[in-house]
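In case you want the letters, here they are:
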Amino acid sequence: MRAMQFERFGGPEVLTEAEVPDPVAGPGGTLVEVEASGVNFGDIKHIAGEHTDGPNAPKGPLPRIPGMEVVGRTADGRRVLGYVPQGGYAAKTVVPDRDLVALPEGVSAGEALALLLQGLTAWHVLRSVARVRPGESVVVHAAAGGTGSLAVQLAREFGAGRVIATASSEEKRAFALELGADAAIDGDAEGYKERVLDANQGRPVDIILDAIGGPVLDSALDALGYLGRLVTYGASSRQAAAALAPSRLAVENIGVAGFWLIPLLARNGPGGPALEELLDLTARGRLRPLVGAEYDLARARDAHRDLLGRRTRGKLVLRP
């Protein structure tokens with residue numbers, strides 16, 4: 001079968017097209033003929049040799065086939081969404097039965113792929129960690145990105161009283177407003193608190209969802225109100241945040257929590273009420289996953305370069 005693999009660690013250039021033997025499903029696994037594969041930063045870390053920690057980290061000798069999420073059909077014709085630690089950049093892959101989810105025909109492959117990792121992350125940071133309540137104010141950082149764009153919509157769906165988006169350009173901020181944000185502001189650390197309070201009609205906010213880290217996270221803490229919660233689920237700035245004294249949390253009555261989806265998937269699999277709700281909202285048109293460019297499988301290198309260069313918006317899809 002056709003696949004993209006790498007024989008050494010490195011950047012996008014190490015990915016090469018190859019003809020490899022078809023995988024064989026063993027007990028507890030199902031062979032899936034792949035319709036589309038999703039592209040993630042985790043794939044970039046995998047081929048760079050950085051994705052080595054955690055319960056579902058890719059393992060085994062080189063060469064390896066990257067790719068964590070696929071949409072396709074089983075031998076008996078079922079259309080499915082599947083999560084795999086590796087092996088998705090191929091015409092066929094084996095998905096553990098526990099990590100295989102039935103996919104409604106009304107949800108496109110790109111939409112489903114956007115929901116598996118980014119959508120579940122957005123759902124859990126709001127529901128499981130921040131525990132958003134009706135009427136609360138929610139700030140979403142990087143609101144035009146894959147996870148952020150879904151978090152803006154879900155915050156509105158879950159009853160947030162005011163949704164404030166941050167983004168780095170006027171175009172991205174306009175897009176966040178189209179998604180349902182009440183206000184969209186520059187997310188730079190300098191002057192952050194003042195912009196957030198102004199966007200929230202002069203009041204501190206209840207919840208901040210942060211995937212940037214570094215100085216932005218430091219500034220965000222200053223914008224939280226009484227019993228406010230900040231959830232960190234990424235660090236795209238690649239800068240360290242300042243040390244946080246526990247006494248500050250107590251004195252200001254604020255909470256800081258973290259979330260990473262991969263351990264949850266390793267523990268429970270992707271199926272369940274969260275993904276069911278996301279798929280249902282999408283099928284009914286109440287949730288709009290952002291689907292970006294599609295590439296032929298052989299152009300996986302280009303997809304990685306575009307993602308690294310921040311030239312993309314929405315879920316990137318490979319077609320085998």
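It should be emphasised that the depicted structure is a prediction, and the values quoted were computed from it without experimental measurement.

Draft legend 1. Summary view of the overall build of the protein. Of the regular secondary structure elements, the protein holds 10 helices and 15 strands. In terms of overall dimensions, the protein is globule-like: its C-alpha atoms have a radius of gyration of 20 Å, near the 20 Å expected for 320 residues. Along the three orthogonal principal directions, the C-alpha set of the protein runs to about 60 × 40 × 35 Å. Split into buried and exposed, the 320 residues of the protein put 51% on the buried side.

Draft legend 2. Quick look at the sheet that holds strand β8 (residues 137-140). The 6 strands lie next to each other as β10-β9-β8-β11-β12-β13, forming an open sheet whose pairing is parallel. Each edge of the sheet is formed by a strand with only one pairing partner; in this case those strands are β10 (183-186) and β13 (255-258). Between one strand and the next, the sheet's axes are offset by a mean angle of 20 degrees, whatever the strand orientation. By the bridge criterion, 4 bridges tie strand β9 (residues 162-167) to β10 in an arrangement that is parallel. Residue pairing in the sheet places alanine 165 in a bridge with alanine 184 of β10. Contacting β11 (205-210), β12 (224-232) and β13, helix α6 (residues 214-221) crosses the sheet at an angle of about 160 degrees to β12.

Draft legend 3. A negative patch on the surface, seen in detail. Among the surface-exposed residues, Asp186, Asp188, Glu190 and Glu194 lie close enough to one another that they form a single negatively charged patch. In this fold, glutamate 190 is placed in the loop between β10 and α5 (192-199).

Draft legend 4. Main features of the pairing of β11. The buried fraction of β11 amounts to 5 of the 6 residues, a majority that puts the element mostly inside the structure. Examined bridge by bridge, β8 and β11 share 3 bridges and lie parallel to one another. Residue pairing for β11: valine 140 is matched across the bridge by leucine 209. Summarising the sheet, β11 and β12 pair through 5 bridges and their orientation is parallel. The partner of isoleucine 207 across the bridge, within β12, is arginine 229. Handedness of the crossover is the feature at issue here: the chain leaves β11, passes through α6, returns alongside β12, and the resulting connection is right-handed.

Draft legend 5. Just the packing of aromatic side chains, in detail. This model, assessed by the stated rule, comprises 1 aromatic pair. Plain terms: the ring middles of phenylalanine 6 and phenylalanine 9 are 5.9 Å apart, the flat faces sit at 50 degrees to each other, and that makes the pair tilted. Residue phenylalanine 9 is classed as partly exposed on the basis of its relative accessible area of 39%. The ring of phenylalanine 158 has arginine 127 sitting right over it, with the charged end atom 3.7 Å from the ring centre.

Draft legend 6. How the structure looks around the pairing of strand β5 (residues 79-83). For β5, the buried fraction is high: 5 of the 5 residues fall into the buried class. In β5, alternate side chains face the same way, and those of Arg79, Leu81 and Tyr83 on one face and Val80 and Gly82 on the other are all buried. Pairing between strand β4 (residues 69-74) and β5: 5 bridges, direction antiparallel. Counterpart to glutamate 69 in the pairing with β5 is tyrosine 83. Connecting β4 to the next strand, β5, in antiparallel fashion are 4 residues, including glycine 77 with a positive phi near 90 degrees.

Draft legend 7. Here's a closer look at helix α1 (residues 41-48). Those residues of α1 not exposed but buried are Gly42, Asp43, Ile44, His46 and Ile47. Looking at the buried residues of α1, the elements they touch are β1 (2-6), β2 (15-19), β3 (29-38) and α10 (300-308). Looking one or two places after α1, you find glycine 49, whose phi comes out positive at around 80 degrees.

Draft legend 8. Representation of the side chain of arginine 229. By secondary structure assignment, the location of arginine 229 is in strand β12. Owing to a relative accessible area of 14%, arginine 229 belongs among the buried residues under this scheme. Within the local environment of arginine 229, its side chain forms a polar contact with the backbone oxygen of arginine 131, the two atoms lying 3.4 Å apart. Within the local environment of arginine 229, its side chain forms a polar contact with the backbone oxygen of leucine 227, the two atoms lying 3.4 Å apart.

Draft legend 9. Quick look at the packing of α1 against α10. It is at 10 Å that the axes of α1 and α10 come closest, and there the two elements cross at 110 degrees. One finds that α1 runs roughly perpendicular with respect to α10. Between α1 and α10 lies a crossing whose hand is left-handed. Here α1 contributes Phe41, Asp43, Ile44 and Ile47 to the contact with α10, which in turn contributes His304, Leu307 and Leu308. For the contact of α1 with α10, the per-class residue count stands at 5 nonpolar, 1 polar and 1 charged.

Draft legend 10. Local environment of the side chain of threonine 74. Inspection of the secondary structure puts threonine 74 in strand β4. At 2.3 Å, the side chain of threonine 74 forms a polar contact with the side chain of aspartate 76. Apart from the residues lying within four places of it in its own chain, the contact partners of threonine 74 are Thr30, Leu31, Val32, Val80 and Leu100.

What counts, and where the lines are drawn
Residues numbered from 1 in each chain as written. Predicted model: local features only at pLDDT ≥ 70, side-chain atom pairs only at ≥ 80, totals over all residues. Heavy atoms only, no water. Helix = DSSP H or I, 4+ residues; strand = E, 2+ residues; numbered from the N terminus. Rg over C-alpha atoms; globule rule 2.2 N^0.38 Å. Buried < 20%, exposed > 50% of the residue type's maximum accessible area, 1.4 Å probe, protein only. Pairing = 2+ DSSP bridges. Axes fitted to C-alpha atoms, helices over the stretch in contact; angles between N-to-C directions. Contact = heavy atoms within 4.5 Å. Patch = residues over 30% accessible without salt bridge, like charges linked within 9 Å, V, L, I, M, F, W, Y side chains within 5 Å. Areas by Shrake-Rupley, 256 points an atom, 1.4 Å probe, with all protein chains shown as cover. Salt bridge = Lys/Arg side-chain N within 4 Å of Asp/Glu carboxyl O. Lys, Arg positive; Asp, Glu negative; His and termini not counted. Charge placed at Lys NZ, Arg CZ, Asp CG, Glu CD. Right-handed = clockwise from strand over helix to strand, strands pointing away. Phe/Tyr/Trp six-rings, centres within 6.5 Å; stacked < 30°, edge-to-face > 60°. Lys NZ or Arg CZ within 6 Å of the ring centre and 35° of its normal. Polar contact = N/O pair within 3.5 Å; in protein donor to acceptor, adjacent residues only side chain to side chain. Parallel < 35°, antiparallel > 145°, perpendicular 65-115°, else oblique. Left-handed = near helix turned anticlockwise from the far one by under 90°. Nonpolar A, V, L, I, M, F, W, Y, C, P; charged D, E, K, R; others polar.

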